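Understanding the architecture of this molecule
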Amino acid sequence: MKELELKYGCNPNQKPAKIFMQQGELPVTVLCGRPGYINFLDALNAWQLVKELKETTGLPAAASFKHVSPAGAALGLPLSDTMKKICFVEEMELTPLASAYARARGADRMSSFGDWIALSDECDEATARIIAKEVSDGIIAPGYSEAALAVLKTKKKGAYNIVAIEPAYCPAPIEHKDVFGVTFEQGRNNLAITGEMLRQVVTKNKTLTEEQRRDLLVALITLKYTQSNSVCYAKDGQAIGIGAGQQSRIHCTRLAGSKADIWHLRQHPKVLALQFKEGLGRANRDNAIDVYLSDDYEDVLGDDVWQNTFAVRPEPLTREEKKAYLAAVTGVALGSDAFFPFGDNIERAHRSGVTCIVQPGGSIRDDNVIETCDKYGIAMAFCGLRLFHH
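Report follows, based on the coordinates. (Residues numbered from 1 in each chain as written. Predicted model: local features only at pLDDT ≥ 70, side-chain atom pairs only at ≥ 80, totals over all residues. Heavy atoms only, no water.)

Brief notes about the pattern of salt bridges
Summed over all chains, the structure comprises 21 salt bridges. E134 is the partner of R109 in a salt bridge, and the nearest nitrogen-oxygen pair spans 2.9 Å. Pair noted here: R109 is in helix 4 (residues 109-112) and E134 is in the loop between helix 5 (125-132) and strand 7 (136-141), with a separation of 25 residues, a long-range link. With a relative accessible area of 4%, R109 lands in the buried category. According to the relative accessible area criterion, E134 is buried, its value standing at 4%. Among the ionic pairs, R282 bridges to E134, the shortest N-O distance being 2.7 Å. Linking R282 in helix 10 (residues 282-292) with E134 in the loop between helix 5 and strand 7, this pair joins segments that are 148 residues apart in sequence. With a relative accessible area of 15%, R282 lands in the buried category. A cluster of three or more residues bridged by salt bridges with shared partners is formed by R105, R109, D115, E134, R266, R282 and D286. (Salt bridge = Lys/Arg side-chain N within 4 Å of Asp/Glu carboxyl O. Helix = DSSP H or I, 4+ residues; strand = E, 2+ residues; numbered from the N terminus. Buried < 20%, exposed > 50% of the residue type's maximum accessible area, 1.4 Å probe, protein only.)

Next comes the structure, spelled out in structure tokens:
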């Protein structure tokens with residue numbers, strides 16, 4: 001098949017719409033549903049991300065995409081009991097691939113609502129059963145077991161979007177896109193991200209553990225497929241906070257940092273002890289936790305509303321308690337898709353437990369950025385690679 005007609009483009013008024021190949025056959029097959037224009041933008045970007053994560057680390061990988069940027073991306077590493085609880089998979093079978101998706105979905109559950117999923121490996125039944133419980137638009141993977149396909153086809157009354165991609169497909173080295181009737185051409189960004197990019201450590205602290213190197217690579221590969229400007233915080237083989245599409249670098253750092261902080265605070269004992277009303281859905285629980293952790297916690301804890309969400313009225317998590325909990329966080333990695341122009345980015349990163357950083361370098365204020373890292377003992381590598389993505 002050389003082309004596939006779509007219902008419409010980015011918006012319902014944008015017709016006609018299709019995906020097609022100038023040469024050869026489409027590398028994707030729709031097994032169920034009717035994916036749209038944005039669905040395929042998410043699918044093809046997300047597939048590239050998980051494919052590169054798998055090639056670089058050798059581990060199964062998953063991504064949760066929304067509006068052409070990842071809400072989460074992760075490797076298939078085992079989950080602790082706490083991680084199982086915050087990802088809502090306590091009672092579920094967890095294969096490495098299922099663990100990867102549970103982590104990817106659990107990074108920013110509010111943003112992942114209605115996500116597009118990408119898997120690096122054939123979807124197994126365990127992963128499909130996690131997906132079945134989440135609100136999602138569709139999935140792309142190199143294949144599906146019979147049992148997994150049967151589970152996924154029950155979603156959305158049989159209309160769930162399921163796409164298979166040819167894993168050996170390699171696009172042409174030159175790519176094009178049209179904007180306002182003008183065709184743009186560029187070489188595809190096919191430069192592989194490897195551990196060699198972490199060799200130039202420019203700070204006094206020059207030690208990067210294997211875990212830090214892994215997490216820095218996860219951050220860089222995630223950024224490669226995130227709308228710029230972008231910053232990514234990573235820990236334990238997964239992205240935990242992604243700031244995408246911001247005009248200011250410090251706003252990226254703050255946005256991603258606040259998401260990383262929420263990921264950590266979801267593991268606070270008070271959050272883990274929340275007793276939700278029986279039958280409350282996952283999306284409502286996610287929203288309640290998000291509000292509970294905000295300065296607007298009275299919206300779910302007020303005298304006249306708490307019964308809508310909780311079986312037992314919880315005590316607030318105070319600003320002082322949150323600050324104390326986050327002060328103990330450490331071991332977080334951070335990547336940036338372009339250089340940091342000021343040391344304020346490092347100050348903000350430090351408050352979210354960052355202990356290692358990778359960025360291209362090349363700012364006229366590199367000395368100031370390095371000096372700020374040295375103040376906190378942060379190890380920082382210059383990879384020399386800008387990763388803008390649009």
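Moving on, there is more to tell.
A few points about a nonpolar patch on the surface
Together, V179, F180, V182 and F184 line one region of the surface with nonpolar side chains, adding up to about 460 Å² of accessible area. Its location among the elements puts F184 in strand 10 (residues 182-187). A relative accessible area of 44% places F184 in the partly exposed class. (Patch = residues over 30% accessible without salt bridge, like charges linked within 9 Å, V, L, I, M, F, W, Y side chains within 5 Å. Areas by Shrake-Rupley, 256 points an atom, 1.4 Å probe, with all protein chains shown as cover.)

Re the packing of aromatic side chains
All told, the structure shown has 1 aromatic pair when counted by the stated rule. Ring centres of F276 and F310 lie 5.5 Å apart, and the angle between their planes is 25°; this geometry places the pair in the stacked category. Separated by 34 residues along the polypeptide, F276 in the loop between helix 9 (269-272) and helix 10 and F310 in the loop between helix 11 (298-301) and helix 12 (319-327) bring together distant segments of the chain. A cation over an aromatic ring shows up here: K155 above the ring of Y160, its NZ or CZ 5.2 Å from the ring centre. (Phe/Tyr/Trp six-rings, centres within 6.5 Å; stacked < 30°, edge-to-face > 60°. Lys NZ or Arg CZ within 6 Å of the ring centre and 35° of its normal.)

Side note on the packing of helix 3 (residues 96-107) against helix 5
Two numbers describe how helix 3 lies on helix 5: the axes approach to 7 Å, and their chain directions differ by 25°. In terms of axis orientation, helix 3 runs roughly parallel to helix 5. In terms of crossing hand, the pair formed by helix 3 and helix 5 is right-handed. Between helix 3 and helix 5, the contacting residues are L97, A98, Y101 and A102 on the first element and A126, T127, I130 and I131 on the second. (Axes fitted to C-alpha atoms, helices over the stretch in contact; angles between N-to-C directions. Parallel < 35°, antiparallel > 145°, perpendicular 65-115°, else oblique. Left-handed = near helix turned anticlockwise from the far one by under 90°. Contact = heavy atoms within 4.5 Å.)

With respect to the side chain of H389
Mapped onto the secondary structure, H389 falls in the segment after strand 15 (379-382). A distance of 2.8 Å separates the side chain of H389 from the side chain of N45, its partner in a polar contact. Aside from chain neighbours lying at most four places away, what touches H389 is N45, K224, Y225, T226, Q227 and S228. (Polar contact = N/O pair within 3.5 Å; in protein donor to acceptor, adjacent residues only side chain to side chain.)

Considerations on the pairing of strand 12 (residues 238-244)
Among the 7 residues in strand 12, 6 count as buried, and that is most of the element. When strand 11 (residues 230-235) meets strand 12, the two strands line up antiparallel, connected through 6 bridges. Residue pairing in the sheet places K235 in a bridge with Q238 of strand 12. Between strand 11 and strand 12, which follow one another and run antiparallel, lie 2 residues, and D236 among them has a positive phi close to 55°. (Pairing = 2+ DSSP bridges.)

Here we look at helix 14 (residues 366-376)
Buried within helix 14 are the following residues: D366, V369, I370, T372 and C373. All buried residues of helix 14 lie within an arc of 160° about the axis, which places them on one face of the element. Seen from the open side of helix 14, the exposed residues pointing more than 90 degrees away from its buried face are D367, E371 and K375. At the C-terminal side of helix 14, G377 shows a positive phi close to 70°. (Arc of directions from axis to C-beta.)

Topic: the pairing of strand 4 (residues 61-66)
Burial analysis of strand 4 places 5 of its 6 residues in the buried class, the great majority of the element. In terms of strand pairing, strand 4 meets strand 5 (residues 69-75) through 6 bridges, oriented antiparallel. Its bridge partner lying in strand 5, F65 is registered against P70. The hairpin turn running from strand 4 into strand 5, its antiparallel successor, is 2 residues long, and H67 in that turn takes a positive phi close to 50°.

Some words on the layout of surface pockets
If you add up the space inside the second largest pocket, you get close to 600 Å³. Contributing to the lining of the second largest pocket are 23 residues, with D261, K322, K323, L326 and R351 lying nearest its centre. Put simply, the parts of the chain that give the lining of the second largest pocket at least two residues each are helix 8 (249-265), helix 12, helix 13 (344-351) and strand 14 (354-359). Looking at the lining of the second largest pocket element by element, the count peaks at 5 residues for helix 12. (1 Å grid on protein atoms, 1.4 Å probe; cavity = no way out; pocket = protein on both sides within 12 Å on 5 of 7 lines; lining within 4 Å. Points joined across faces, edges and corners; volume = space filled by probe spheres on them.)

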